[in-house]
Amino acid sequence: MKIIAYLYRDTQANQAKLPAWGRSLDRLYEDWGDRPQLEQLLQDCQHDPPDYLLVQQLEDLGDSAQIVSDRLHQLEQLGVSLITTTATAEMGTTEQMLHLLEHLHTLQTQQRSRRIRQGHARNRIKALPPPGKAPYGYLRSKDRYTLDRTTAPVVKDFFEHFLLYGSLRGSVRYLHKKYNKKISASTGKRWLTSPVYRGNLAYHDGAVVANTHVPLLSREEAAQVDRLLRRNHPLAPRTASAPRSLAGLVQCECQSSMTITRVTARSTAQEYLYLRPVACPRQPKCRGLAYAQVLEQTIQRICVDLPRAVATTSMPDVDGMKQVLSAEILAKQAILSQLPDLLRTGVLDDETATLRSYTLRTDIAALEATLAQLPPVNLQAIAQTVSLPQFWLDLSEAERRFYFREFIRQIQIVRDGVDWELRLVFVF
Ligand SMILES: [Zn+2]
């Protein structure tokens, strides 16, 4: 008894595992996307028909009910019994099978959705944008996203504002005020983290394909955005966007966090800022501290402590890691650029080249993401600059907050009666 099987898969991207046919086969024909092997199978059956042909489901035989029906007739004439392995258990004769054709119109609906799925998978492999509207700031052209000259500057400005002030809510408000463009904080967060604005395409299965269009956020900026978002995370949302540079950073000796309060002296209408513990467990309670003094002390301390901290910290060999990752990216980009030649000279066929290019671009995106997670390599160089008091005094409070957060995780107050000093906890 001769048994053959035919296996059909939507695309090469759909690497479904091989079905268990439940018996040993004389031959397996396999197709992806198109059906050249099915044609071969039917031809082979003309000379040497098998007793049984196994398929997973009827619609594997063609893309429309008409084609499936034609193939069933063909098989019947050749005396081949068809067995579907997933639909209805075992069907005896091809004749019985033909009755199923009455129901084939429902199949056509399935075929349609399968064709749509195939389309999506093909888009992904060719690095075409996923279906739907282009994200704000972009337009959809034939095969890629292009910058929308009216809206792209708005997104760009939003990113620049965030990079300077490090405040999601602040940047959302800024957008509304300057452009009358209202977005929610969660949309803002999505913009900041979206692969699309970084020039990559992301698909709903999580795959990211790199460098598919012009980015609105450079790789360096994106890395900085990621660092800021990570740093803002443990802070309460309001402190992250508060205008004061020390907001959310200071912790009292009693472990309570400290909040900034304003006190206006009635006689002079002058405003004084104080730092007070939010929930002090002590009796009597820890005293408030003058904001200006804490700020001054913080600047003095950072200028003394930062160079020391940087010198004694055994930084991972970031530079080395960056070089390795960059070299890997370059190597993959080099292969990518050779693909057109390999295609032209016939070394690779179209499908293989497309698939290879897809894999390479996905790998590159993953490597670039790893690269972006590494700390800035020039920490030593930066530490030199930011160890001069003048550097800090020249900054606005917003800029100062930005730089504080690049380095300081916490400012701890150590008290000795009414005297106090502070200790800096660095982020690295
Ligand atoms: Zn206290």
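Let me begin by describing the structure that accompanies this report. Here the structure is a predicted model, which is why all the values come from computation and not from measurement.

### What about the overall build of the chain?
1) Next: Along the backbone of the chain there are 15 helices and 14 strands.
2) Next: The 428 residues of the chain split such that 42% are buried.
3) Next: The contacts of the chain with a sequence gap of at least 6 include a subset with a gap of at least 24, amounting to 59%.

### What to know about the coordination of the zinc ion
1) Next: The coordination sphere of the zinc ion contains the protein donors Cys-254 (SG), Cys-280 (SG) and Cys-286 (SG), at a distance range of 2.0 to 2.3 Å.
2) Next: The motif formed by the donor residues of the zinc ion, counted along the single chain, is C-x25-C-x5-C. In this pair, Cys-254 sits in the loop between strand S9 (250–251) and strand S10 (258–265) while Cys-286 sits in the loop between strand S11 (270–277) and strand S12 (289–290), placing the two residues 32 residues apart along the sequence.
3) Next: Judged by relative accessible area, which is 10%, Cys-254 ranks as buried.

### As for the pattern of salt bridges
1) Next: As enumerated under the stated definition, the model contains 15 salt bridges in all.
2) Next: Of the charged contacts in the structure, one is a salt bridge between Asp-48 and Lys-2, with a shortest N-O distance of 3.1 Å. Residue Asp-48 is found in the loop between helix H1 (36–47) and strand S3 (52–55), and its partner Lys-2 is found in the segment before strand S1 (3–9); the two are separated by 46 residues along the sequence.
3) Next: The class for Lys-2 is partly exposed, based on a relative accessible area of 26%.

### Examining the sheet that holds strand S4 (residues 81–84)
1) Next: Pairing is parallel across the open sheet formed by 4 strands, whose spatial order is S2-S1-S3-S4. Single-partner strands in this sheet number two, and they are strand S2 (27–32) and S4. If you compare each strand with its neighbour and ignore which way they point, the axes differ by 20° on average.
2) Next: Across 4 bridges, the pairing between S3 and S4 is parallel. Paired with Leu-53 across the bridge in S4 is Leu-82.
3) Next: Across the sheet, H1 lies against S1, S2 and S3, angled at about 150° from S2, the strand it touches most.

### Regarding helix H10 (residues 291–312)
Residues spaced three or four apart along an α-helix point in a common direction, a consequence of the helix completing one turn every 3.6 residues.
1) Next: For H10, built from 22 residues, the straight-helix expectation of 32 Å at 1.5 Å per residue is met to within 8% by its first-to-last C-alpha distance of 30 Å.
2) Next: The largest bend in H10 comes to about 35°, at Asp-305, with the proline Pro-307 one to four residues further on.
3) Next: Those residues of H10 lying buried are Tyr-291, Val-294, Leu-295, Thr-298, Ile-299, Ile-302, Cys-303, Asp-305, Leu-306, Ala-309 and Val-310.

### Some thoughts on the environment of Asp-63
1) Next: Structurally, the position occupied by Asp-63 is in the loop between S3 and helix H2 (65–78).
2) Next: Asp-63 gets classed as partly exposed once you look at its relative accessible area, which sits at 25%.
3) Next: Placed 29 residues apart in sequence, Asp-63 and Asp-34 show a C-alpha to C-alpha distance of 9.5 Å.

### Details of the environment of Lys-2
1) Next: Sequence separation of Lys-2 and Asp-26 is 24 residues, and the distance between their C-alpha atoms is 6.3 Å.
2) Next: Lys-2 has contacts with Asp-26, Asp-48, Pro-50, Asp-51 and Tyr-52, leaving out every residue within four places of it along the chain.

### Considerations on unusual backbone geometry
1) Next: Across the junction of Gln-283 and Pro-284, the peptide omega takes the value -5°, indicating a cis bond.
2) Next: Mapped onto the fold, Pro-284 is located in the loop between S11 and S12.
3) Next: For Asn-180, which is not glycine, the phi torsion reads 55° and is therefore positive.
4) Next: Relative to the helices and strands, Asn-180 is located in the loop between helix H6 (168–179) and helix H7 (185–193).
5) Next: Asn-180 gets classed as exposed once you look at its relative accessible area, which sits at 62%.

### Focus: the packing of aromatic side chains
The geometry of an aromatic ring pair comes down to the distance between the two centres and the angle between the two planes.
1) Next: Using the criterion set out here, one finds 10 aromatic pairs in the structure.
2) Next: Measuring from centroid to centroid gives 5.3 Å for Phe-391 and Tyr-403, while their planes differ by 80°, and the two rings are edge-to-face. Of the two residues, Phe-391 is situated in helix H14 (residues 389–393) and Tyr-403 in helix H15 (residues 397–407); the sequence distance between them amounts to 12 residues.
3) Next: Judged by relative accessible area, Tyr-403 falls into the partly exposed class, the value being 29%.
4) Next: One cation-aromatic arrangement involves Lys-181 over Tyr-136; the distance from NZ or CZ to the ring centre is 3.8 Å.

### Some thoughts on the nonpolar core
1) Next: Judged by nonpolar contacts, the single largest core of 33 residues is most densely connected at Leu-246, Ile-302, Leu-306, Trp-392, Phe-404 and Ile-411.
2) Next: With 9 residues, H10 is the largest single contributor of residues to this core.
3) Next: Each residue touching Phe-404, except ones within four places of it in the same chain, is listed here: Ser-245, Leu-246, Leu-249, Leu-295, Thr-298, Ile-299, Ile-302 and Trp-392.
4) Next: Membership of the second largest hydrophobic core comes to 32 residues, among which are Phe-159, Leu-175, Tyr-203 and Val-225.

Criteria and cut-off values
- Residues numbered from 1 in each chain as written.
- Predicted model: local features only at pLDDT ≥ 70, side-chain atom pairs only at ≥ 80, totals over all residues.
- Heavy atoms only, no water.
- Helix = DSSP H or I, 4+ residues; strand = E, 2+ residues; numbered from the N terminus.
- Buried < 20%, exposed > 50% of the residue type's maximum accessible area, 1.4 Å probe, protein only.
- Contact = heavy atoms within 4.5 Å.
- Donors = N, O, S within 2.8 Å, 3.2 Å for Na, K, Ca; no water.
- Salt bridge = Lys/Arg side-chain N within 4 Å of Asp/Glu carboxyl O.
- Pairing = 2+ DSSP bridges.
- Axes fitted to C-alpha atoms, helices over the stretch in contact; angles between N-to-C directions.
- Expected span 1.5 Å × (residues − 1).
- Bend = angle between axes of the 7 residues up to and from the residue.
- Phe/Tyr/Trp six-rings, centres within 6.5 Å; stacked < 30°, edge-to-face > 60°.
- Lys NZ or Arg CZ within 6 Å of the ring centre and 35° of its normal.
- Core = buried A, V, L, I, M, F, W, Y, C linked by side-chain atoms within 4.5 Å.

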